[in-house]
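Here is what each chain is made of, one letter per residue.
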Amino acid sequence: LDEIGRMELHSEKFKHAVKDLLSRQERLVGAITAPIYGHRVAFCDEVAAHPGVQVHKLKKSNRDEVVDGILQDLKTKWLIGLEQKSCSAHHPTTNKKQRTNMHKKESNDS
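Residues numbered from 1 in each chain as written. Predicted model: local features only at pLDDT ≥ 70, side-chain atom pairs only at ≥ 80, totals over all residues. Heavy atoms only, no water.

So, the confidence of the model for the chain
Move 1: In this model, the chain carries an average pLDDT of 77, and 72% of its residues clear a pLDDT of 70 or more.
Move 2: When pLDDT is averaged over each helix and strand of the chain, the minimum, 46, is found for helix 4 (residues 96-109) and the maximum, 92, for helix 1 (residues 12-23).
Move 3: A low-confidence stretch, residues 94-110 stays under pLDDT 50, and its non-local contacts, those more than four residues away or across chains, total nine contacts. (pLDDT = per-residue confidence, 0-100. Helix = DSSP H or I, 4+ residues; strand = E, 2+ residues; numbered from the N terminus. Contact = heavy atoms within 4.5 Å.)

Some remarks on unusual backbone geometry
In most cases, non-glycine residues show a negative phi, while peptide bonds are predominantly trans.
Move 1: For Tyr37, which is not a glycine, the phi torsion comes out positive at approximately 55°.
Move 2: Inspection of the secondary structure assignment puts Tyr37 in the loop between helix 1 and helix 2 (42-48).
Move 3: Owing to a relative accessible area of 80%, Tyr37 belongs among the exposed residues under this scheme. (Buried < 20%, exposed > 50% of the residue type's maximum accessible area, 1.4 Å probe, protein only.)

What to know about helix 1
Move 1: Under the 1.5 Å per step criterion, the end-to-end length of helix 1 is 16 Å for twelve residues, consistent within 8% with the ideal 16 Å.
Move 2: The set of residues buried in helix 1 consists of Lys15, Val18 and Leu22. Seen end-on, helix 1 carries its buried residues on one side only, within an arc spanning 60°. Exposed residues pointing more than 90 degrees away from the buried face of helix 1 are listed as Glu12, Lys13, His16 and Ser23.
Move 3: Where the residues of helix 1 are buried, they touch helix 2. (Expected span 1.5 Å × (residues − 1). Arc of directions from axis to C-beta.)

Considerations on the nonpolar core
Move 1: Counting residues in each nonpolar core, the largest one holds eight residues, listed as Ile4, Leu9, Val18, Leu22, Val41, Phe43, Cys44 and Val47.
Move 2: Among the secondary structure elements, those contributing two or more residues to this core are helix 1 and helix 2.
Move 3: Take this core: its biggest share by element is three residues, from helix 2.
Move 4: In contact with Val41, other than residues within four places in its own chain, are Arg6, Leu9 and Thr33. (Core = buried A, V, L, I, M, F, W, Y, C linked by side-chain atoms within 4.5 Å.)

Structural notes on the packing of aromatic side chains
Move 1: If you walk through the whole model with that rule in mind, you get zero aromatic pairs.
Move 2: Above the plane of the ring of Phe43 lies Lys15, whose end atom (NZ or CZ) is 5.9 Å from the centre. (Phe/Tyr/Trp six-rings, centres within 6.5 Å; stacked < 30°, edge-to-face > 60°. Lys NZ or Arg CZ within 6 Å of the ring centre and 35° of its normal.)

Quick look at the side chain of Thr33
Move 1: Tracing the backbone shows Thr33 in the loop between helix 1 and helix 2.
Move 2: Ignoring anything within four residues of it in the chain, the contact list for Thr33 reads Ile4, Gly5, Arg6, Val41 and Cys44.

Re the pattern of salt bridges
Move 1: Following the criterion strictly, the structure yields four salt bridges and no others.
Move 2: One salt bridge connects Glu12 with Lys15, and the closest N-O pair in it is separated by 3.1 Å. You can see Glu12 and its partner Lys15 sitting in helix 1, three residues apart, about one turn around the helix.
Move 3: Under the relative-accessibility criterion, Glu12 is labelled exposed at 58%.
Move 4: For Asp45, the salt bridge identified is with Arg40, shortest N-O distance 2.7 Å.
Move 5: Of the residues examined, Asp45 reaches a relative accessible area of 28% and is grouped as partly exposed.
Move 6: Judged by relative accessible area, Arg40 falls into the exposed class, the value being 57%. (Salt bridge = Lys/Arg side-chain N within 4 Å of Asp/Glu carboxyl O.)

In structure tokens form, the structure reads like this:
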């Protein structure tokens, strides 16, 4: 999700689309506008408070560290989750241990 910024907030259609994405519990990476001079943006606060949303406050001094952390999460949490979903879709009646063994077998067969 590119950005939930001040200009995008003028579009009810955009806000509805964001809420729809959040309700689907899809995995997203995006940017939301930060409060400026203490002026809160209600819709951005609502998105930030949504279950499962992680907010990282970016500054010049921490941006590399934040990006590294997000990339690590993508590799360890998201990709593993996708592998499990994919495996479950191919073998829906098997348990996790059986799927792991199937992956090992499929890897050995290659």
